[in-house]
Amino acid sequence: MQRFRVGPDAALTPVDGLLSRVTVSPITPSIASGVPVQAAIFRIAANGGFLRHPAGVPQILTVLSGSGEVAGGDGHFESVGEGDAVFWAAGEEHETKSVSGMTVLIVEGTGVVPFVSDQR
């Protein structure tokens, strides 16, 4: 077993024009390092988010706490909260924002697909 921190004390503040008021705690190395899937915890502060951009690879955003809004290719925002998950296909334009703040887990990679079940 290997143990490591992903709490707020282990978060990085990216210098990226795409993110506003967001810190990141990586769980895996980035896809740029050659791994097929990457995962990270993103903490979006109040009035923060991700500017509209295309998904480089398929990705799933899961809300762990808080609430916010997400939009896909059509630009229409929908409310999300704890326990909600959203899938964006590679190339799909998308955006995420939060007025009150939220913590999300993002998993992305070429083989990422959403779990679909009729038992939900």
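Residues numbered from 1 in each chain as written. Predicted model: local features only at pLDDT ≥ 70, side-chain atom pairs only at ≥ 80, totals over all residues. Heavy atoms only, no water.

Draft legend 1. Summary view of the overall build of the protein. In terms of regular secondary structure, the protein is built from 0 helices and 7 strands. Seen along its three principal axes, the alpha-carbon backbone of the protein occupies a region of about 40 × 30 × 30 Å. Expressed as a percentage of the 120 residues in the protein, the buried residues total 35%. Considering only intrachain contacts with a sequence separation of at least 6, the fraction spanning at least 24 residues in the protein is 61%. Total accessible area on the protein is roughly 7100 Å²; 56% of this is exposed by carbon and sulfur atoms. Distance between charge centroids for the protein: 10 Å, based on 7 positive and 12 negative side chains. (Helix = DSSP H or I, 4+ residues; strand = E, 2+ residues; numbered from the N terminus. Buried < 20%, exposed > 50% of the residue type's maximum accessible area, 1.4 Å probe, protein only. Contact = heavy atoms within 4.5 Å. Areas by Shrake-Rupley, 256 points an atom, 1.4 Å probe, with all protein chains shown as cover. Lys, Arg positive; Asp, Glu negative; His and termini not counted. Charge placed at Lys NZ, Arg CZ, Asp CG, Glu CD.)

Draft legend 2. Expanded view of the pattern of salt bridges. Evaluated as defined, the whole model comprises 2 salt bridges. Across the pair Asp9 and Arg5 runs a salt bridge, and its minimum N-O distance is 2.7 Å. For Asp9, a relative accessible area of 59% puts it in the exposed group. According to the relative accessible area criterion, Arg5 is exposed, its value standing at 55%. A salt bridge links Lys97 to Glu69; the nearest nitrogen and oxygen atoms lie 3.8 Å apart. One end of the pair, Lys97, is in strand 6 (residues 93-98); the other, Glu69, is in strand 3 (residues 59-71), and 28 residues separate them in sequence. A relative accessible area of 29% means that Glu69 is categorised as partly exposed. (Salt bridge = Lys/Arg side-chain N within 4 Å of Asp/Glu carboxyl O.)

Draft legend 3. The arrangement of the environment of Gly83 in detail. Its location among the elements puts Gly83 in the loop between strand 4 (77-81) and strand 5 (85-88). Residue classification places Gly83 among the exposed positions, given a relative accessible area of 59%. In sequence terms Gly83 and Val104 are 21 residues apart; their C-alpha atoms lie 9.7 Å from each other.

Draft legend 4. How the structure looks around the nonpolar core. Of all hydrophobic cores here, the largest spans 16 residues; its most connected members are Val22, Phe42, Phe50, Leu61 and Val104. Sorting the residues of this core by element identifies strand 1 (19-26), strand 2 (37-54), strand 3, strand 5 and strand 7 (102-109) as the ones contributing at least two each. Take this core: its biggest share by element is 4 residues, from strand 2. For Val22, the contacting residues outside a window of four places in its chain are Leu12, Thr13, Pro14, Phe42, Arg43, Ile44, Gly49 and Phe50. (Core = buried A, V, L, I, M, F, W, Y, C linked by side-chain atoms within 4.5 Å.)

Nothing here speaks to function; it is geometry throughout.
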